[in-house]
Amino acid sequence: NYWSLYGNTTPSNVVRSGGKVNGKYSTRLTSTSDADATEIISDYMLVNGDSPYNISWSSYQRNNGQSNVKIQWYNASKTLLSEEIITIENGDMQTWLRRNANVMAPSTAVYGRIVLSVVNDQTDFDNIQMEQVQFSHQGNTVSNGSFEIDQDEDGKPNQWTATSNV
């Protein structure tokens, strides 16, 4: 078993879905109230303490509830050390979105587990990855990635150039 039901989740709220990014299937989590989350948790994955990891996934959110991706860190005896909520999505996206986050394993972490959680929503998840990286990005390396800076007020974002070669 690679993924298990978590918390008070009932099996009927977690189904294989034909909606997908690639492959044949994704997993659909459904929760019909704000009081009960539908959650699944991955198997234990070996990690290196004090190491950066990149977690990425695709999700398709159908309603105006909430879908979360969390990482739980465990020590050698599989005692929970901490849990980080990586993302909270609120809203009716109605399209596949690729998300990622950089996290740092605590110094005493030996295992990690990913938790997918949905509250009062229906969300498909696909292509979840967790990989150790050489460094953790603490900032965006793209200059003016939000396109907010226009110092010369010419209506074009600074640090970007128009090209006809696209």
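Note that this is a predicted model, so its numbers are computed, not measured. (Residues numbered from 1 in each chain as written. Predicted model: local features only at pLDDT ≥ 70, side-chain atom pairs only at ≥ 80, totals over all residues. Heavy atoms only, no water.)

Along the protein chain, the regular secondary structure elements total 0 helices and 11 strands. The order of helices and strands in the protein chain, counted from the N terminus, is β-β-β-β-β-β-β-β-β-β-β. Considered along the principal axes of its C-alpha atoms, the protein chain spans approximately 55 × 40 × 30 Å. With 166 residues in all, the protein chain has 36% of them scored as buried. Look at the contacts in the protein chain between residues 6 or more apart in sequence, and 75% of them connect residues 24 or more apart. (Helix = DSSP H or I, 4+ residues; strand = E, 2+ residues; numbered from the N terminus. Buried < 20%, exposed > 50% of the residue type's maximum accessible area, 1.4 Å probe, protein only. Contact = heavy atoms within 4.5 Å.)

So, on to the sheet that holds strand S2 (residues 14-17). Taken in spatial order, the 5 strands line up as S2-S3-S11-S6-S9 in an open sheet, and their pairing is antiparallel. Of all strands in the sheet, those with a lone pairing partner are S2 and strand S9 (96-104), marking the two edges. Strand-to-strand, the axes of this sheet are offset by a mean angle of 35°, without reference to chain direction. By the bridge criterion, 4 bridges tie S2 to strand S3 (residues 26-31) in an arrangement that is antiparallel. Within S3, the position partnered with Ser17 by the bridge is Ser26. (Pairing = 2+ DSSP bridges. Axes fitted to C-alpha atoms, helices over the stretch in contact; angles between N-to-C directions.)

In the structure shown here, the tally under the stated rule is 1 cavity of 30 Å³ or more. In this structure, the largest cavity occupies an estimated 30 Å³ of space. If you trace the largest cavity, you find it lined by Ser59, Gln61, Ser67, Glu89, Met93, Leu97 and Arg99. Looking at the lining of the largest cavity, the elements with two or more residues in it are strand S6 (52-61) and S9. (1 Å grid on protein atoms, 1.4 Å probe; cavity = no way out; pocket = protein on both sides within 12 Å on 5 of 7 lines; lining within 4 Å. Points joined across faces, edges and corners; volume = space filled by probe spheres on them.)

Enumeration over the complete set of coordinates arrives at 3 salt bridges. For the salt bridge of Lys70 with Glu39, the shortest nitrogen-to-oxygen distance reads 2.9 Å. Residue Lys70 is located in strand S7 (residues 66-74), and its partner Glu39 is located in strand S4 (residues 37-42); the two are separated by 31 residues in the primary sequence. A relative accessible area of 10% means that Glu39 is categorised as buried. By sharing partners, the salt bridges in this structure join Arg28, Arg62 and Asp124 into a single network. (Salt bridge = Lys/Arg side-chain N within 4 Å of Asp/Glu carboxyl O.)

Further remarks concern the nonpolar core. Counting 19 residues, the largest nonpolar core has Trp73 and Ile86 as its most contacted members. Only S6, S7, S9 and strand S10 (111-119) provide two or more residues apiece to this core. In this view, Ile86 contacts Ile55, Trp57, Val69, Lys70, Ile71, Ala101 and Val103; residues no more than four positions away in its chain are not counted. (Core = buried A, V, L, I, M, F, W, Y, C linked by side-chain atoms within 4.5 Å.)

Here we come to the packing of aromatic side chains. Under the counting rule described, the total for this entry stands at 4 aromatic pairs. Judged by centre distance (6.2 Å) and plane angle (50°), the ring pair of Tyr53 and Trp73 falls under tilted. Remark: Trp73 occurs in strand S7 and Tyr53 occurs in strand S6; sequence separation between them is 20 residues. On the basis of an interplanar angle of 65° and a centroid distance of 5.7 Å, the ring pair of Tyr60 and Trp96 is categorised as edge-to-face. Within this pair, whereas Tyr60 is found in strand S6, its partner Trp96 is found in strand S9, the two being separated by 36 residues in sequence. Three or more aromatic residues joined by ring pairs make a cluster, and in this case those are Tyr44, Tyr74 and Tyr111. Over the ring of Tyr25 we find Arg16, and its NZ or CZ is 3.7 Å from the ring centre. Note that Lys78 overlies the ring of Tyr111, its terminal NZ or CZ placed 5.1 Å from the centroid. (Phe/Tyr/Trp six-rings, centres within 6.5 Å; stacked < 30°, edge-to-face > 60°. Lys NZ or Arg CZ within 6 Å of the ring centre and 35° of its normal.)

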